[in-house]
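Coordinate analysis (summary)
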Amino acid sequence: METYPITIGGVTRHVPLIEPLPGRRIPLVEFLGDPELVRAAARALRPLVPEGTEVFFTTETSPIPLTHVLAEEMGLPYVVARRRRRPYMEDPIIQEVQTLTLGVGEVLWLDRRFAEKLLNQRVTLVSDVVSSGETMRAMERMVGRAGGRVVGRLAAFRQGSPALEVHTVAELPVL
Ligand SMILES: Nc1ncnc2[nH]cnc12
């Protein structure tokens, strides 16, 4: 399999090049199972976390360990939007995502008892890769619907030009 070198916080990985849509090849970032890469990314992102952040908000799946390490280091809680409905969810916030970056339309789900943790809070969004910015936009809508306020948007990698302001610490090419 063809690979591509990505570097963040001084740590390099040779990751698979995938083609989610014909003619568009992207390096596949994967934080799951790689504590050294996660720690390097979290350390690089930490100075970009806005002062006054009270809770982080992220999505399944790859950004979860990144958000966990960041949250643990800063002594803050975090909330995770799910990508599937779970049977136990009550009155969930359901948010469509317009993104086609990975070739699939998506829906984010947030159980009400976790949405309550965002109420009246200053929230920083955390992602692994920001590309079109549509996932971030959907996350921001969810925070608003939950009664919170977004004070920061962070992603480890930027790929292309997202339509909204996101702070990142590394670049990914579209090949
Ligand atoms: N390059 C990438 N790797 C992993 N997840 C992504 N989501 C959007 N772009 C991605």
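Just above, that's the structure.
Here goes a summary of the coordinates provided.

Definitions and cut-offs
Residues numbered from 1 in each chain as written. Predicted model: local features only at pLDDT ≥ 70, side-chain atom pairs only at ≥ 80, totals over all residues. Heavy atoms only, no water. Helix = DSSP H or I, 4+ residues; strand = E, 2+ residues; numbered from the N terminus. Polar contact = N/O pair within 3.5 Å; in protein donor to acceptor, adjacent residues only side chain to side chain. Pairing = 2+ DSSP bridges. Right-handed = clockwise from strand over helix to strand, strands pointing away. Core = buried A, V, L, I, M, F, W, Y, C linked by side-chain atoms within 4.5 Å. Buried < 20%, exposed > 50% of the residue type's maximum accessible area, 1.4 Å probe, protein only. Contact = heavy atoms within 4.5 Å. Expected span 1.5 Å × (residues − 1). Axes fitted to C-alpha atoms, helices over the stretch in contact; angles between N-to-C directions. Arc of directions from axis to C-beta.

1. Brief notes about the side chain of threonine 67
In this fold, threonine 67 is placed in helix H2 (residues 63-74). Polar side-chain contacts of threonine 67 include one of 2.8 Å to the backbone oxygen of proline 63.

2. Here we look at the pairing of strand E5 (residues 78-81)
The pairing of strand E4 (residues 55-59) with E5 spans four bridges and is classified as parallel. For phenylalanine 57, the partnering residue across the bridge sits in E5 and is valine 79. Viewed along the sheet, the connection from E4 through H2 into E5 turns out right-handed.

3. Quick look at the nonpolar core
Core analysis: the biggest nonpolar cluster contains 24 residues, and Ile8, Phe31, Leu66, Leu70, Ala156 and Phe157 have the highest contact counts within it. Counting residues per element, the ones that place at least two in this core are strand E1 (3-8), strand E2 (11-21), helix H1 (35-45), H2, strand E9 (149-159) and strand E10 (167-172). Those residues within four positions of alanine 156 in sequence are excluded, and the remaining contacts are Ile8, Phe31, Ala41, Leu45, Leu66, Ser127, Asp128, Thr168, Val169 and Ala170. Core analysis: the second largest hydrophobic core is formed by 22 residues, Val79, Leu108, Met136 and Ala146 among them.

4. A word on H2
Here H2 contains 12 residues, and its C-alpha end-to-end distance of 16 Å stays within 8% of the 16 Å for a straight helix at 1.5 Å per residue. Within H2, the full set of buried residues consists of Pro63, Leu66, Thr67, Val69, Leu70 and Ala71. Tucked inside the fold, the buried residues of H2 contact H1, E4, E5, strand E8 (122-130) and E9. Phi for glycine 75, located one or two positions after H2, is positive at around 65°.

5. Thoughts on the sheet that holds E5
With parallel pairing, five strands are arranged side by side in an open sheet as E5-E4-E8-E9-E10. Single-partner strands in this sheet number two, and they are E5 and E10. Geometrically, the sheet is characterised by an average inter-axis angle of 20° between neighbouring strands, direction not taken into account. In this fold H1 packs onto E9 and E10, with an angle of close to 130° to the strand it touches most, E9. The sheet contacts of H2 involve E4, E5, E8 and E9, and relative to E4 the element is tilted by about 170°.

6. Thoughts on the environment of glycine 23
Topologically, glycine 23 is positioned in the loop between E2 and strand E3 (24-27). As a C-alpha pair, glycine 23 and valine 174 span 151 residues in sequence and 9.8 Å in three-dimensional space.

7. What to know about helix H4 (residues 134-145)
With 12 residues, H4 ought to run about 16 Å at 1.5 Å a step, and its terminal C-alpha atoms sit 16 Å apart, in line with that. Where H4 is concerned, the buried positions are Thr135, Met136, Ala138, Met139, Met142 and Val143. Buried residues of H4, viewed axially, fall in a sector of 160°; they line one side. If you follow the buried residues of H4, they end up packed against E4, E5, strand E6 (93-97), strand E7 (106-110), E8 and E9. At the C-terminal side of H4, glycine 147 shows a positive phi close to 90°.

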